[in-house]
Amino acid sequence: MIISSEIERRYKLSSNEFKKNYVEQGKPVIISGVIQNWDSLDKWSLKYLKQLSPSLNLYAKRFSDKGIEICSLTMEKYIELIENYEADSHNNPPPPYCHDLPLFSLIPSLIADVQPFPLDYLPKWYWYKWWRYCQFFIGASNSLTPLHFDCLLTNNIFFQLVGRKQFTILLPEDAKYCYRQGWRWFLVNPENPDFNKYPEYKNAKPIKFIVNPGDILYMPPGTLHHVRSFDMSISFNIDWHTPKSSLNGLAAIAKGMPIQNSYYNLLLAMGLVLKVPPQIIFKFYKSYLNYVS
Ligand SMILES: O=C(O)CCC(=O)C(=O)O
Ligand SMILES: [Fe+2]
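Description of the structure in this document. (Residues numbered from 1 in each chain as written. Chains lettered and ligands numbered in written order. Predicted model: local features only at pLDDT ≥ 70, side-chain atom pairs only at ≥ 80, totals over all residues. Heavy atoms only, no water.)

1. Let's talk about the state of the cysteines
The final tally for this structure, using the stated rule, is 0 disulfides. Between Cys-98, a cysteine without a disulfide, and Cys-71, which holds the nearest cysteine sulfur, the sulfur-to-sulfur distance is 9.4 Å. Overall, Cys-98 belongs to the buried group, its relative accessible area being 1%. Free of any disulfide, Cys-151 has its nearest cysteine sulfur in Cys-134, 16 Å distant. (Disulfide = S-S within 2.5 Å. Buried < 20%, exposed > 50% of the residue type's maximum accessible area, 1.4 Å probe, protein only.)

2. Structural notes on the pattern of salt bridges
Overall, the coordinates contain 10 salt bridges when judged by the stated rule. Across the pair Glu-80 and Lys-77 runs a salt bridge whose closest N-O atoms are separated by 3.8 Å. In this pair, Glu-80 and Lys-77 both sit in helix α4 (residues 75-87), 3 residues apart, roughly one turn of the helix. On the accessibility criterion, Glu-80 (37% relative accessible area) is partly exposed. For Lys-77, a relative accessible area of 42% gives the class partly exposed. (Salt bridge = Lys/Arg side-chain N within 4 Å of Asp/Glu carboxyl O. Helix = DSSP H or I, 4+ residues; strand = E, 2+ residues; numbered from the N terminus.)

3. Examining the sheet that holds strand β2 (residues 29-32)
Reading across from one edge, β1-β2-β13-β8-β15-β6-β5 is the order of the 7 strands in this open sheet, with mixed pairing throughout. Because the sheet does not close on itself, it has two edges, and the strands there are β1 (8-11) and β5 (98-101). This sheet shows a mean twist of 20° between the axes of neighbouring strands, independent of strand direction. Two elements, β2 and strand β13 (residues 216-219), share 3 bridges in a ladder whose sense is antiparallel. If you follow Val-29 over to β13, its bridge partner there is Tyr-218. (Pairing = 2+ DSSP bridges. Axes fitted to C-alpha atoms, helices over the stretch in contact; angles between N-to-C directions.)

4. Focus: the site of ligand 1
Around ligand 1, the surrounding shell consists of Tyr-97, Phe-137, Thr-145, His-148, Asp-150, Asn-156, Phe-158, Lys-165, His-225, Val-227 and Asn-237. Within the contact set of ligand 1, an oxygen atom lies 3.0 Å away from a side-chain nitrogen or oxygen of His-148. Within the side chain of Asn-237, a nitrogen or oxygen atom sits 2.8 Å from an oxygen atom of ligand 1. Burial of ligand 1 by the protein amounts to 98% of the accessible area it has alone, namely 300 Å². Its residues assigned to classes, the shell around ligand 1 shows 4 nonpolar, 5 polar and 2 charged. (Near = heavy atom within 4 Å. Polar contact = N/O pair within 3.5 Å; in protein donor to acceptor, adjacent residues only side chain to side chain. Areas by Shrake-Rupley, 256 points an atom, 1.4 Å probe, with all protein chains shown as cover. Nonpolar A, V, L, I, M, F, W, Y, C, P; charged D, E, K, R; others polar.)

Right, dumping it as structure tokens:
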């Protein structure tokens, strides 16, 4: 359990130590010095993505009190929206946020820009075509992802490539102070908490920090996170289970996890616990990567 409200930062963390001291302990960490030679750190930009695939169709989300609104537009159009917003003095709300995009599957040439990939941090089961499990976040400065946890109760390794983001995270035991709505979203706004409306939040221990280009962030299953982009940003994550977290994910059906999520957890448990090969499981799992929640 974290008592201080700081996250640990580790330089070139070995995979053994990562597993023993962070994954097994359910402890978040920022790792630097592992991806500093990736070509993507210099190469990736809005212009680069536009040039690679101008007509690619994207989905972008707008989060509001009323829920999540989704729109569809081409890469070219989306990047134009971001560029116009960044050129303007930020008086208007930011453009919608491109969230959970399986970009390595859509533009496979990008995989060469994230080498060497630290596969050692992941269970071997994910090594076969690992990039299929990655999801991208591309957006303007000020883009926001409201407070939530990842819906399958997976571990999350998050790679920051372009721009900075501010994370506010809370460990799973603090979820009870954050006023849950549905399965995975929370009503408290950690940037400006309304203690009259949400008095229990006073008991929570939010941890606030910035991730910079070249940082890797690890969040254990069930970590609540609220993410604000400081700059135009490109990031991606990989959500993954250990055998143990896949079983915990399955057991969460008793705590209200939607049945559709449990289906994906069942597939992952079949892979990780029963050792069904990823080549077979992925056929059924891939709809999760286009699943809008
Ligand atoms: O970067 C963001 O805006 C959201 C990231 C996130 O929610 C995740 O990696 O699960
Ligand atoms: Fe998330």
